[in-house]
Amino acid sequence: MNEIPAPVLEWDLIAPLMVLGAVAVVGVLLEAFVPRGPRFVVQASVAIGGVVAALGTTIWTATRTDVLDGDVLARGQVAAEGALSVDGPSLFTWGLLLVLALLSMLLFAERRLGGGLSAFTGRAADAPGSSGEAEATRHRLEHTEVFPLALFALLGMMLFAASTDLLMMFVALEVLSLPLYVLCGLARRRRLLSQEAALKYFLLGAFSSAFFLYGVALVYGYAGGFGLAEVADAVASRTQERPLLLAGVALLAVGLLFKVGAVPFHSWTPDVYQGAPTPVTAFMAAGTKAAAVVALARVLLVAFGGAEWDWQPAFWAVAALTMLVGAVGSIAQGDVKRMLAYSSIAHAGFILVGVVGATGGDGITSVSSALFYLTAYGVATIGAFAVVMLVRDASGESTDLDTWTGLGRRAPWLAGAFALFMLSFAGIPLTAGFIGKWGVFSAAWAGGLWPLVVLGVLVSAVAAFFYVRVVLTMFFDEPRPDGPLLAVPGAMTTVVVTVAAVATVALGVMPGPVLDLAQQAGAFVR
Amino acid sequence: MNDVLDTAWVLVALPLAGALLLLTWGKESDRFGHWIGTAASAASFVWGAVLFVALAGRDADDRSVTTTLFTWFDVGRVRVDMALTYDQLSALFVLLITGVGTLIHVYSIGYMADDPRRRRFFAFLNLFVAAMLTLVLAADYLVLFLGWEGVGLASYLLIGFWQHKPSAAAAAQKAFVMNRVGDLGMVIAIALMLAHLGTTDIARVATGVPALSDGVVTGLGLLLLLGACGKSAQVPLQAWLLDAMEGPTPVSALIHAATMVTAGVYLIVRSAAIYDASEAARLAVVAVGLVTLLAGAAIGCAKDDIKKALAGSTMSQIGYMTLAAGLGPAGYAFAIFHLVTHGFFKANMFLGAGSVMHGTGDDVDMRHYGALRTAMPVTFFTFAAGYLAIIGFPGLSGFWSKDKIIETAFGFNVWVGLGTLLGAGVTAFYMTRLMAMTFLGRKRWREGVHPHESPAVMTVPLVVLAALSVLGGVMLLGHWITDWLAPVVGEAHHEELPVPAIVLTLSVLVVVAAGVALAWATYGRREVAADAPTDREVGWWTRAARHELYGNAVNDALVVRPTGQLVRGVTAFDKHVVAGAVSGLAGLFRDASQGLGRLQTGFVRSYALVLFGGAAALAAALLAVTIA
C-alpha cells in the first residue's frame, strides 16, 4: 500500500502563522463558551494578545533567517513543501501587517464613541430599522465574532504575502477575503449602506477570484506546475505558447490588482470603504493593500520576471491610469471616507510605479521601496480613519466634508493630526509620505521608467490639491454652527491617532531605521 | 593655551546677555533696565580695555589671536567656524564701539527718561553693541555677515523705535531695503569666495587671493564695495541715512555716525588683501569716496534740520574714510584714524544736537534756535570742541586725521587731492553755518520754548567726548597708529608729493579759513530768517542740495517706478494668465472628477462590467505587446 508521506513543516519558520491561527480558533471557541457579559473584553484582549504574540514570533523568526549567497541581497528560505516563502519581504510584511492589525484591533475594541457599544451591529440578522434591531440595541447586544473574523482575515493576508505557490495563493486570497466580506456588513449605523457594501464587495470579489483561478489554470497549462519557481523555469525555457502564458498573467493580475485596488478593477473601493464600519475600512485599506501589493510583486517578479518585457508596458498603463483616476476622482468627493478611498486608489498607483520598475541591485529596489511606501501609507491611513471615527453627530460619524469646516478651531489637536496624515498622503517633506514617494519614484527611475515618474510627480501635485483643500477647510474656514459633535476620544482611539501621527513624523524625519529594514529585507526567495 | 586674549567672546557675550535679559524680563525691570544695559556695555568696555593692554604688551608680530569657539557648520567641503580674531584693528574698534557706546548708553538714560519703552530701547542698544562687536571680531566672512545683518537689524529697530510715527516706520523700512541691496553684494561676494577658494575664513581668503584671476578679485572688490556702500551710506546707496535721523538722537550718534556706518570702511580695510590685488576695485572705492564726500558736504550746507545737516556731514566724512581706504596701504591706517576721531567728534556733536533738542522741546529746525550759547553753556562748549575738530582746527583730532588723508590723496592724484581740499572748505562752511545758526546770533525761539541745559547724565558724556575730540590726535604721535596697524593693513610707503607737506597743510588751513569766513559772513553777521526761503527764492544749487541732490528722485526713477511697473505687470500676468491657467486646469480636473463620479453608478452590475472590460483590455494589451 502506498503511504501518503506527511508534509514536512518548518514549524519554527511558520510559527507566526500558527500562533495567529491558533488564537483565531480559540476566539471561535470563546464565542461559544464565554458568557455574554465579559465576552467583548475577553475577545478583544485575546485578539490583541494574539497579534502581539504573533508579532513577537515574527521578530524571533526574522532574527533567525540567514542571508543567502548570491548576486542580490536575499534572506530566508522556502518552507512548507514549497507553498510559502519565509523570506525578507514576507517577514517585513508580516511585521507591518501585525502592527497595522494591532492598531486596527484597538479601533475594533473602541466602545466609548458609540455610547458604550462597539462600531458593530448588535444582531446582524435583524433587518435594518426593524423592531428586532431596536431590541438588540436595548439589550446592548454586540457581535464579538468580529475579532476572530479579523484574525482570520489577517492570517489570510500574511499567507497571501508569503505564498510561492499559486494554489496556496488562491487559498490565502479566499481566507483573507471571506471574513472581510462579512465584517463589511456589520456596521451599527447606516446598516443598509453597510450591507450593500458587503454584498458588492462579495460579488465583485468572487468575480475577480474567478478570474484569478482561471489565470492559475492557464499558467498551469503553460508551466505544468503551480509553484512560482516552476513557472519561472518554464518562462525561462519555453518560448512556444506565449499567448497562453500571457493570458494567464492577465487573468492572475486581475485578481491581484482587484485586491490592490488598481484601475480598472477599483470600482468597488469607494462604495465599500464608505459603507463598511470605519475600523474595518481602516484595517482593510491598510492591510489588504499591503498583502496584495507584496503578492503581486512576488508573482510578477518571481514567476514572470523572465518575461518582464512582455508584461511591463501593460502594467505601466495600469499604474498611470490608477494614479490619474485616483487623484482626479478624489477631487469632487464630498465624503471623507470616499475621499480616502480614492486616495487609496491613487496610492496603489504610486506603489505600482515602484513595483513595475522591477529594479533590483544595490540601491533602493522595487520591493524595498514598495515596503516602505506601504508602511508610510498604512499608518497614515489607519490614523486618518481613526480621526473619522471621532467626528460624529447624532446619527453616528459625520463624514460629510462640509461638516468638517472649521474643525481646526474646535479641535486643534485632532484636526492637526488629520492634517498631518493628509500632508503625508500628499508627500510633503518631513512626513513619511515624502520618503515613500521618493522611494518608489527613484526605484522606477532606476528601472528606466522616467515618463511614469514624471507623470507620477505631476499627479502628486494634483493629489496634493485635494489633501491641502481638506486642511484648508479644517483650519481656514469659520466653523459651522451645526457642525458635528466631537466624541471624547476613548483611550484606544487616542493611542491609535497618537501612534500614527508620531510614526508619520518619525518616518519622515528619521526614515533611516525603517528604510534600512526594508532594504535589508532583500529580494524574494523562490 | 590659556590666553586672556582667547576670551574676546566675553566682549560679545556681555551686551548680548544684556539684550536677552532686557527683552525677556517683564515690566518689573522697567525701573532699572537701563542700568542693566549700561552696565553690560560698560563691562564690555572694561574687558576691552583689559584685552587692549594685554595686546599692547605683546610683541608687534604676535598681536593677532584667533579663537575658534565652535564649528558653526560643516557640510561637505565647506566648513565654517565660529571664530573670533582679536588683533590691532579689531582692538581699536572694540574700544571705540564699547567706549562711545557706553557714553551713549549713559546719555540715553537722561534722553529717554520719559519714554515708556526705555527698557526696550536699551535692549536694542545692547543688541547693536553685541552685533557690532561680532562684526569687527569675526575671523570669517560669514561670521562677519552675521554681525553685519545684526547691526542692520538693530539699526532698523532703532530707526523705527518711535513706531507710532509713520515717518519713522518708513525711514526704518527704507534703511532696511537699501541695506538689502548692499547686503546682496556681500552675499554674492561670499558665494564667490566659496566657489573659488572653498573658504570664507578671512585669513585664508587673504592668502588665497594671489591664486585668483584678476576678474574674480575685481569682482570680489566691487561686490564688497557694494556692501560697504549700503552700510556706510555711500553713493549710490546713500539715500537712507538722512531719513534714518527719524530715530532717537542717541541712535543717530552711536549707529548712524560713530560706529555702524563706518562698518563699510572696516570691511574694505579688513579685506585689504583683495583691494591690494585689484587696482580697478581700489579706483572704484576712491571714486565712490570722492563723490560721496562732496555730495554729503553739499547736502550739509542746505539742510535746516540740525540732525540732517549732521547726517550730510557724516556721509561726507565717511566719504573721506572710504577714499582713504581706496588709496591702498598708504591710506588704510589713516582711514581708520579718521574713523576713530570722527567717532569721537561726530558722536559728540550728535549728542550735543540731542541736548539742544532736549532743551527746545524736540525742535530740530535750526532756524528756530539762535543764541543758545548762553542758555546751554555746557552743550555749547562741548559742541564747539567737536566743531573745531571736524573743520580741522590745528591741534585738534580732526586736523591730524583729515590732513593725513588729504596729503595721501595728493600723493595719489592731484585732482583727487583737490577734491578732498574742496571738501575740507565746504565742511568748514556748513559746520560754521550750523554753529552760527544754533548757538550764535539772535534768539529765534518759538513761543513757549525755554531752552535749558540738560541734566548731568547727558552733559557728562558730552564733556568726555569733547575731550576725546580735542585730544584724539595723540594717536598719531610718533606714528603710533600707523605702526600699530601696520601688521594688519601693510606698511605705508610714502608717495612723492607734488609740493612739500607743510605747504599742503597750510593750504588746507587757508581753504578752511575761507569756508569759515564765508559762512560767518552769510549766517553769523547777517540776520537768519526764522522761516526758510521757499524753493523758488533760492538758487538751483541750494534747491538741489536741499533735495539731497535728488538722490530720492533718482532712486524713484531708476528703481522704484520701474519696479512698480514690473510688479504691476507681473501681478497682471499672474492674475490673468497664471491664475487663469491654474483655475482652468483646476476646472478641467473638477469636470473630469465629476465625470468619473458619474461612472461610479453604484450598480454592482456596471462595476462587474468595468472589471470584465478591464480584464479583457489587460489581456489584449499583453497579447498585443507580444505580437507587436
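Model, not experiment: these values are computed from the prediction.

K.L.:
Looking at this structure, I do not really get the confidence of the model for chain B. What am I missing?
P.N.:
Close inspection of predicted coordinates is inappropriate in any region flagged by low pLDDT. The pLDDT averaged across chain B works out to 89; a share of 99% of its residues lies at or above 70. Across the whole predicted complex the pTM is 0.67, and at the interface the ipTM reaches 0.90.

K.L.:
Looking at this structure, how should I read the interface of chain B and chain A?
P.N.:
Where the parts come together, the accessible area they lose is often given as the size of the interface. At the junction of the two partners, chain B supplies 23 residues and chain A supplies 37 residues. Both faces combined, the contact of chain B with chain A buries some 2500 Å², and carbon together with sulfur accounts for 82% of it. Interface area lost by chain B to chain A is led by L611(B), L618(B) and L622(B), which between them contribute 25%. Scanning the region where chain B abuts chain A turns up 0 salt bridges. Taken together, the links from chain B to chain A amount to 6 residue pairs in polar contact (both at pLDDT 80 or more). Of all elements in the fold, only α24 (551–599) and α25 (604–627) of chain B reach the threshold of two or more residues within the side of chain B that touches chain A. It is α25(B) that provides the largest number of residues to the side of chain B that touches chain A, a total of 15 residues. Grouping the amino acids of the side of chain B that touches chain A by side-chain chemistry returns 16 nonpolar, 6 polar and 1 charged.

K.L.:
What's the story with the packing of aromatic side chains in this structure? I'm lost.
P.N.:
What characterises a pair of aromatic rings is the spacing of the ring centres plus the angle enclosed by the ring planes. All names here are of chain A. Across all of its chains, the model carries 35 aromatic pairs over all chains by this definition. On the basis of an interplanar angle of 45° and a centroid distance of 6.2 Å, the ring pair of Y377 and F425 is categorised as tilted. Of this pair, Y377 sits in helix α14 (residues 366–390) while F425 sits in helix α16 (residues 412–426), and the two are 48 residues apart along the sequence. Residue class for F425 comes out buried when judged on its relative accessible area of 2%. Pairwise contacts between aromatic rings join Y181, Y201, F202, F258, W268, Y273 and F385 into one cluster. Against the face of W60 rests R64, its NZ or CZ located 4.6 Å from the ring centre. The ring of F350 carries K437 above its face, with NZ or CZ at 4.5 Å from the centroid.

K.L.:
Would you take a moment to explain the sheet that holds strand β5 (residues 485–486) of chain A for this structure?
P.N.:
Strand pairing in a sheet relies on backbone hydrogen bonds, with the paired strands running either antiparallel or parallel. All names here are of chain A. With antiparallel pairing, the 3 strands of this open sheet are ordered in space as β4-β3-β5. The strands lining the two open edges of the sheet, one partner per strand, are β4 (396–397) and β5. Sheet analysis places strand β3 (residues 391–393) next to β4, joined by 2 bridges and oriented antiparallel. Bridging from a neighbouring strand, R392 pairs with E397 of β4.

K.L.:
Looking at this structure, how should I read a nonpolar patch on the surface?
P.N.:
Residue and element names in this part refer to chain B. Taken together, the side chains of W9, L69, F70, W72, F73, V75 and L146 make up a nonpolar region of the molecular surface, amounting to roughly 630 Å² of accessible area. Relative to the elements of secondary structure, F70 occurs in strand β1 (residues 65–75). Judged by its relative accessible area of 43%, F70 is partly exposed.

K.L.:
For this particular structure, what's the right way to read unusual backbone geometry?
P.N.:
What you tend to see is this: most non-glycine residues have negative phi, and most peptide bonds are trans. In this structure, P264(A) follows V263(A) across a cis peptide bond, with omega equal to 5°. If you trace the backbone, P264(A) turns up in the loop between α9 (242–260) and α10 (268–275). Here the amide bond leading from V235(B) into P236(B) is cis, since omega sits at 10°, within 30 degrees of zero. Its location among the elements puts P236(B) in the loop between α8 (214–232) and α9 (240–243). Phi is positive for R190(A), which is not a glycine, with a value near 50°. Along the chain, R190(A) falls in the loop between α6 (166–184) and α7 (191–223).

K.L.:
How do you make sense of helix α1 (residues 15–33) of chain A when you look at a structure like this?
P.N.:
One turn of an α-helix holds 3.6 residues; hence residues three or four places apart share an orientation. All names here are of chain A. If you check α1, its first and last C-alpha atoms are 27 Å apart, about what 19 residues at 1.5 Å a residue would give, namely 27 Å. Among the residues making up α1, those that are buried are A15, P16, L17, L20, G21, V23, A24, G27, L30 and E31. Looking at the buried side of α1, the elements it contacts are α2 (36–63), β2 (84–87), α3 (88–108) and α5 (146–162).

Each value, and the rule that gives it
- Residues numbered from 1 in each chain as written.
- Chains lettered and ligands numbered in written order.
- Predicted model: local features only at pLDDT ≥ 70, side-chain atom pairs only at ≥ 80, totals over all residues.
- Heavy atoms only, no water.
- pLDDT = per-residue confidence, 0-100.
- Contact = heavy atoms within 4.5 Å.
- Buried area = accessible area lost by both parts, 1.4 Å probe.
- Salt bridge = Lys/Arg side-chain N within 4 Å of Asp/Glu carboxyl O.
- Polar contact = N/O pair within 3.5 Å; in protein donor to acceptor, adjacent residues only side chain to side chain.
- Helix = DSSP H or I, 4+ residues; strand = E, 2+ residues; numbered from the N terminus.
- Nonpolar A, V, L, I, M, F, W, Y, C, P; charged D, E, K, R; others polar.
- Phe/Tyr/Trp six-rings, centres within 6.5 Å; stacked < 30°, edge-to-face > 60°.
- Buried < 20%, exposed > 50% of the residue type's maximum accessible area, 1.4 Å probe, protein only.
- Lys NZ or Arg CZ within 6 Å of the ring centre and 35° of its normal.
- Pairing = 2+ DSSP bridges.
- Patch = residues over 30% accessible without salt bridge, like charges linked within 9 Å, V, L, I, M, F, W, Y side chains within 5 Å.
- Areas by Shrake-Rupley, 256 points an atom, 1.4 Å probe, with all protein chains shown as cover.
- Expected span 1.5 Å × (residues − 1).

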